[in-house]
Amino acid sequence: GLEGASVAITNPMAADQGFLRRSQMAGLLGALAWNLDRRQGSVRLFEVGVVFSAPDGERGVTERAGTGGARQAVLPDERELVSAIFAADGDDARTAVSALGALVEELGLSGVRVRAPELGDTLAGLHPTRSARLAASGGAVGGTVGEVDPAVVADFGAGEQRVGWLEVDLGLLLDRSVVDRHSQLSRPVSRYPSSDVDLALVVDDDIPAEVVADVLAGAGGGLLESVTL
């Protein structure tokens, strides 16, 4: 489902690998299928690596060695990603969102949001209604989260199970000018035990879950420890 041009390789190692990869999904689904063939179906896999896209305009122009060093070539755009699939028993989009939350918490990030795709915005390879984009504080798109489209899972020989998906652009996520960080200043530990409050809310279908979490967090203020939906 990827749109646009891929970067062709002049001398590919294999006939069916003639382009630079634009996503890590194919490799991870192939690894899942490999495990399924060996009766190891309940797996979770991740990869940190680079993906490539066709150069846009004049970006990527670099000077090359040659006669007088005057040759130039337009290089592909590169992005470093961490991508993961979740195919253990009971895994789905919620598993992927939980993994995102754990990643954000461990790195001390703030302002990373899950944004439902707008009308006409299709996420390549992902389920049409169980997937979303990741957005940073300033609106920069930093990846996707949700489930892999069942047809894509089947195309790669990985059966009919639900497969959770998470893709994060590390270049954006680790850029402090793009993604805010929680304060590193220490605070005194409360001398009082925490209190749990369980709420049941009914909202319209078009209200995103994170809006509910934001309202609860705003109401809790500085006394709030955490919100879990």
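Residues numbered from 1 in each chain as written. Predicted model: local features only at pLDDT ≥ 70, side-chain atom pairs only at ≥ 80, totals over all residues. Heavy atoms only, no water.

Chemist: Help me understand the pattern of salt bridges in this model?
Modeler: One pass over the structure, following the stated rule, counts 10 salt bridges. For the salt bridge of Arg79 with Asp169, the shortest nitrogen-to-oxygen distance reads 3.3 Å. With Arg79 in strand β4 (residues 77–87) and Asp169 in strand β9 (residues 164–169), this pair connects stretches of sequence that are 90 residues apart. Note on Arg79: relative accessible area 36%, which makes it partly exposed. Note that Arg133 is salt-bridged to Asp121, the shortest N-O span being 2.8 Å. Residue Arg133 is located in strand β7 (residues 126–135), and its partner Asp121 is located in the loop between β6 (113–115) and β7; the two are separated by 12 residues in the primary sequence. Given a relative accessible area of 25%, Arg133 falls into the partly exposed group. (Salt bridge = Lys/Arg side-chain N within 4 Å of Asp/Glu carboxyl O. Helix = DSSP H or I, 4+ residues; strand = E, 2+ residues; numbered from the N terminus. Buried < 20%, exposed > 50% of the residue type's maximum accessible area, 1.4 Å probe, protein only.)

Chemist: What is the right way to read the pairing of β9 from this model?
Modeler: On a regular strand, one side chain projects to one face of the sheet and the next to the other, so that they alternate. Here β9 lies mainly inside the structure; six of its six residues are buried. Going residue by residue along β9, you find Gly164, Leu166 and Val168 tucked away on one face and Trp165, Glu167 and Asp169 tucked away on the opposite face as well. As defined by bridge partners, β4 adjoins β9 across six bridges and the pair is classed as antiparallel. Each bridged residue has a counterpart across the sheet, and for Val82 the counterpart in β9 is Val168. (Pairing = 2+ DSSP bridges.)

Chemist: Even after reading the chapter, I still don't get empty space enclosed by the protein, so can you show me in this structure?
Modeler: Regions of empty space are outlined by a rolling probe, equal in size to a water molecule, passed over the atoms. Under the criterion given, the structure shown has one cavity of 30 Å³ or more. Estimates place the volume of the largest cavity at around 70 Å³. Breaking the lining of the largest cavity down by element, the ones donating at least two residues are β7 and α4 (170–173). A breakdown of the residues in the lining of the largest cavity according to their chemical character gives nine nonpolar, one polar and no charged. (1 Å grid on protein atoms, 1.4 Å probe; cavity = no way out; pocket = protein on both sides within 12 Å on 5 of 7 lines; lining within 4 Å. Points joined across faces, edges and corners; volume = space filled by probe spheres on them. Nonpolar A, V, L, I, M, F, W, Y, C, P; charged D, E, K, R; others polar.)

Everything listed is a geometric property; what it means functionally is a separate question.
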